[in-house]
Amino acid sequence: MTREEILAKVEDIFHRVLENQSIVLSEETTAEDVPEWTSLTHAQLISVMESELNIKFSLREMMSWQNVGEIINSIEKKLG
Amino acid sequence: MNFFENILNPVRKSIANFSDRNAFYIDGTFYSYKQFAERVSAIRGVIRAAEKNEQIWGLSLHDDLNTYASIFALWMEGKAYVPLHPSWPEERIASIKQQVGCSNVLDACDAPYTGDLLDDWAEASEDDLAYILFTSGSTGVPKGVQLTRRNIAAFMDSFWKTGIDITPEDRCMQVFDLTFDVSVQSYLVALTRGACVYTVPYGQVKYLYAASLIQEQGITFGAMAPSMLTYLRPYFEEFDASSMKACILTAEACPVDLMEAWYGCAKNTEIYDFYGPTEATIYCTYYKLKRGGENLSLNGIISIGKPLANVQAIIIREDGNLVEGQEKGELCVAGDQVTPGYWKNEEKNSSSFFVRDGVRYYHTGDLCYWHESGNIMYSGRIDQQAKIQGFRVELGEIEHHARTFYKNERRVIAIAFQNAQNLTEIALFVEAQAEDTKPLIEYLRTQMPAYMIPTRILFEPTFPLNKSEKVDRNALKQKLN
């Protein structure tokens, strides 16, 4: 998958999990930009990303994420 | 024991003795006690210069040094604050300001520092308010819990008598929203002992930021809600919390198996379960867990332990008489930590407080009983008790079995509701994507009598939370309509 395709996939997951189709993600988007993206929904987002992309994130990776671009870095690395 | 001796003077001593040490770590920046003191002095100047000399000030909450400094500036001026959260709807903020009658608001006050104002103390009585916390009211109008200087001083005195010790070397975590009173404990224990407060900035995924503070900054003490640990639990194997010497779990019922799992990464940590309604100032009972030992629990939930030093507790029947033996009843608390009452709300005050043998008690609404060891066992809210076909049903027990079915990996909430025929039924909410409910029901049937089996099972991907970050049972109940 290209970075653009990963971004589109992540955005699709955000739409479904946060039940808001109008969310537009960019690589710079942070939790502060998306009101529905809270501690609680984050766990749900991670679980759906992991199951649909067949990957597993580590705690250290998740703690280092500052924005959506850094989530995409992790996914890109895992998908090889 | 008073507000000056237990709060203000210890903070002044921290400033005097540790001026170059760190008082705060906020969003990646350290601030020394000297910087903190300068902000307190600057904001005191603003309060003194206000056109209207009001006793209660609004405080717009931000995760910044000025917000914390504003709290102490107001207290040193003998005033109280009412927290106003920028994310609240304007109507709610207006309603609170109108109820309290305050027009002055400190909002990220960055007035310049012009001189030290730390050795000048305003006259104040112990009965003067320190803060008012507004919580949602059943009528839709927020209700304000008033906490006095006496309440906070008594709380602090109680807290140190639990044996938890904080030194200037400690790194203390503050993860709670400032509208929630555990935040007050979180910053007070650090600042009164010259330690550093590490905050979680707004807009962060809280449990991940807290985990990174623990691992990367070597946090030594902190209070957390069990739900934060629930989210971290899948990662416990790779999580090193060995820097923590003490950890308080609070704000919601504390599952015993979660605590035992938490010991695996909090290898050097004393774990405490603290319980308390805002009305009794932050906490009123506590239980210290034993590592590798037998911990008292009921339906998988840790005991809430024994009353704090300045709290008297009784458990009463519906008729107001004391329970006998291990009979369940309502926990009621008294003492210097108990609020003088709700702000201008006579109706609520007359129903929430009562006098017995000359002592004024607060009805906690929590169903408890005395264990033979003298610890209090928590059995849920009184309004979580339902009568089904004449049988008394404790919703906590249904939740316990459902949690066990899900191997403690999912949150569940049981709610009693009236159906169209005005009969009581039980609904069970499961925090998960929808799935076949047959295996769950079959399991529950092996554990409970037929009348206790929920008649409706609903799946919610994420449970709604209230401002105190507890599962919002009312919001779930509304989904049943």
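What you see is a predicted model, and the numbers here were worked out from it, not measured in a lab.

Enquirer: Please clarify how the overall build of chain A should be interpreted in this entry.
Expert: From N to C terminus, chain A includes four helices and zero strands. Reading chain A from its N end, one meets helices and strands in the order α-α-α-α. What you see for chain A is a C-alpha radius of gyration of 11 Å, in line with the 12 Å of a compact globule of 80 residues. Dimensions along the principal axes, computed over C-alpha positions, put chain A at roughly 30 × 25 × 25 Å.

Enquirer: What's the story with the packing of helix α1 (residues 3–17) of chain A against helix α2 (residues 39–53) of chain A in this structure? I'm lost.
Expert: Any two packed helices are characterised by the angle at which their axes cross and by the distance between the axes. Residue and element names in this part refer to chain A. Packing of α1 against α2 brings their axes to within 10 Å, and their N-to-C directions diverge by 130°. Considered as vectors, α1 and α2 are oriented oblique to each other. Where α1 crosses over α2, the two elements pack in a sense that is right-handed. Side by side, α1 and α2 meet where V10, I13, F14 and V17 of the first sit next to T41, Q44, L45, V48, M49 and E52 of the second. Of the residues contributing to the contact of α1 with α2, the split by class is seven nonpolar, two polar and one charged.

Enquirer: I would appreciate a short explanation of the sheet that holds strand β13 (residues 285–288) of chain B in the present structure.
Expert: Where strands meet in a sheet, backbone hydrogen bonds hold them as pairs that are either parallel or antiparallel. All names here are of chain B. One open sheet accounts for nine strands, arranged β2-β1-β9-β8-β10-β11-β12-β13-β16; its pairing is mixed. Single-partner strands in this sheet number two, and they are β2 (29–32) and β16 (306–307). Sheet analysis places strand β10 (residues 221–224) next to strand β11 (residues 246–249), joined by four bridges and oriented parallel. The partner of A223 across the bridge, within β11, is I248. The sheet contacts of helix α2 (residues 33–49) involve β1 (22–26) and β2, and relative to β2 the element is tilted by about 70°.

Enquirer: What should I look at first to understand the interface of chain A and chain B in this one?
Expert: You'll often see interface size given as the accessible area lost when the parts meet. Contact residues are listed per partner, giving 15 residues for chain A and 15 residues for chain B. Looking at the side of chain A that touches chain B, the element that brings in the most residues is α2(A), giving six residues. Partitioning the side of chain A that touches chain B into residue classes produces seven nonpolar, six polar and two charged.

Enquirer: Explain the environment of T446(B) here, please?
Expert: Along the polypeptide, T446(B) turns up in helix α12 (residues 438–447). Sequence spacing of T446(B) and H401(B) is 45 residues, and the spatial spacing of their C-alpha atoms is 9.9 Å.

Enquirer: Mind showing me how you'd approach the nonpolar core here?
Expert: Generally speaking, soluble globular proteins have nonpolar side chains that are buried together. All names here are of chain B. Counting 156 residues, the largest nonpolar core has F24, V82, I132, C172, A210 and V333 as its most contacted members. Of all the elements, helix α3 (residues 65–76) adds the most residues to this core, at nine residues. Those residues within four positions of F24 in sequence are excluded, and the remaining contacts are Y31, F36, L65, Y68, C196, V197 and T199. Ranked by size, the runner-up nonpolar core spans 18 residues in total, among them A402, I413, L444 and V471.

Conventions we followed
In every chain, residue numbers begin from 1 and rise along the written sequence. Note on labels: chains are lettered from A, ligands numbered from 1, in written order. Confidence filtering applies because this is a predicted model: local features only for residues at pLDDT of at least 70, side-chain atom pairs given and counted only at 80 or more, and all residues used for totals across whole chains, interfaces and linings. Numbering of helices and strands runs from the N terminus; a helix is a DSSP stretch of H or I covering at least four residues, while a strand is a stretch of E covering at least two. Only C-alpha atoms enter the radius of gyration, while the globule expectation follows 2.2 Å times N to the 0.38, with N the number of residues. Between N-to-C directions, angles span 0 to 180 degrees; the directions come from axes that are lines fitted to C-alpha atoms, helices contributing only their stretch in contact. Roughly parallel means an angle under 35 degrees; roughly antiparallel, over 145; roughly perpendicular, 65 to 115; everything else is oblique. Here a crossing is called left-handed whenever its near helix is offset anticlockwise from the far helix by less than a right angle, and right-handed whenever the offset is clockwise. This entry defines residue contacts through backbone-placed C-beta atoms, with two residues in contact when those atoms are within 7 Å. Note on residue classes: Ala, Val, Leu, Ile, Met, Phe, Trp, Tyr, Cys and Pro are nonpolar, Asp, Glu, Lys and Arg are charged, and everything else, Gly too, is polar. When DSSP finds two or more bridges between two strands, those strands count as paired. What we call a nonpolar core is a set of buried Ala, Val, Leu, Ile, Met, Phe, Trp, Tyr and Cys residues whose membership is set by joining through C-beta atoms within 7 Å. Once C-beta atoms are placed from the backbone, each residue is buried if 20 or more other C-beta atoms lie within 10 Å of its own, exposed if 12 or fewer, and partly exposed for counts between those two.

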